[in-house]
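Descriptive structure summary
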Amino acid sequence: MYAISLGDDAELRPLEPWHAEEFLAHLDRGREFIGQFISFGSKETDVPAARAMLQRYADMRAADTASLHGLWLQGTLVGGVLFLNFDAEHGNAEVGCWLEPAGTGRGLVTRAMRVLLDFAVDQRGIHRIEWVAASGNEPSLNVARRLGMTRDGVRRQAHPYGGVRHDLEVWSILAPEWREARARAAANDH
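Remember, it's a predicted structure, so these values are computed and weren't measured experimentally. (Residues numbered from 1 in each chain as written. Predicted model: local features only at pLDDT ≥ 70, side-chain atom pairs only at ≥ 80, totals over all residues. Heavy atoms only, no water.)

**Some words on the overall build of the protein chain**
Across its full length, the protein chain holds 5 helices and 8 strands. In the protein chain, the order of α-helices and β-strands from amino to carboxyl end is β-β-α-α-β-β-β-α-β-α-β-β-α. Along the longest, intermediate and shortest principal axes, the C-alpha atoms of the protein chain span 45 × 40 × 35 Å. Residue burial in the protein chain is summarised as follows: out of 190 residues, 42% are buried. Of the roughly 9800 Å² of accessible surface on the protein chain, 50% is carried by carbon and sulfur atoms. Treating the 21 positive side-chain charges of the protein chain as one cloud and the 26 negative ones as another, the clouds have centres 3 Å apart. (Helix = DSSP H or I, 4+ residues; strand = E, 2+ residues; numbered from the N terminus. Buried < 20%, exposed > 50% of the residue type's maximum accessible area, 1.4 Å probe, protein only. Areas by Shrake-Rupley, 256 points an atom, 1.4 Å probe, with all protein chains shown as cover. Lys, Arg positive; Asp, Glu negative; His and termini not counted. Charge placed at Lys NZ, Arg CZ, Asp CG, Glu CD.)

This is the structure in structure tokens:
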């Protein structure tokens, strides 16, 4: 399949059911870190469960409603980015991410998310892309900022998780804003 280079050290690739063993090893390495603010992968504790999760996303990809994309750093799966609530008919999508500690601090999510936003806006005609993260999840909120998203608001104590009711911040970018931000970034590169 495809592999999109994210620089000298990393690639963005499809994350599919046949990756179940590698995906489980990645989740096991990052389970505590990933689980600070989200439950992603928390129930996948063996290969059949990991495969079933990847199959659910493969089915959603086939239905054009969601998709998973893995981040490989020097050949090792260290995280990923995803489309959630992908609604091409209405031009709306939500994006998200997860990483194990080995993948942090390298800009992998920001680089990968630029690929997803380009695809959503340019190829699929998505108008509004949303990012939702717990207020305490500064690395995630920083990605939204780096992408040029606008903070739409806070859903106060909307996310009961880990015995705490977390505030959720909703960030978004509209297609014309993304095109403008991309053009500015390209102009700054020259």
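**Quick word on the packing of aromatic side chains**
Here the structure, examined in full by the defined rule, presents 4 aromatic pairs. Three or more aromatic residues joined by ring pairs form one cluster here, namely F23, F40 and W98. In this arrangement the basic side chain of R13 is found over the ring face of W72, its NZ or CZ atom lying 4.4 Å from the centre. (Phe/Tyr/Trp six-rings, centres within 6.5 Å; stacked < 30°, edge-to-face > 60°. Lys NZ or Arg CZ within 6 Å of the ring centre and 35° of its normal.)

**Notes on the environment of R182**
Here R182 is to be found in helix α5 (residues 175-189). Here R182 falls in the partly exposed class, since its relative accessible area comes to 26%. As for R182 and N85, which are separated by 97 residues in sequence, their C-alpha atoms are 24 Å apart. For R182, the residues in contact, after removing those within four places along its chain, are D118 and D122. Engagement of the side chain of R182 in a polar contact is seen with the side chain of D122, the distance being 2.7 Å. (Contact = heavy atoms within 4.5 Å. Polar contact = N/O pair within 3.5 Å; in protein donor to acceptor, adjacent residues only side chain to side chain.)

**Some details on the pairing of strand β8 (residues 164-174)**
Bridge count between strand β6 (residues 128-134) and β8: 7 bridges; the pairing is antiparallel. Counted as the bridge partner of R128 is L174 from β8. The pairing of strand β7 (residues 150-161) with β8 spans 8 bridges and is classified as antiparallel. The partner of R155 across the bridge, within β8, is L168. Linking two consecutive strands that pair antiparallel, namely β7 and β8, is a turn of 2 residues; a positive phi of about 65° is found at G162 within it. (Pairing = 2+ DSSP bridges.)

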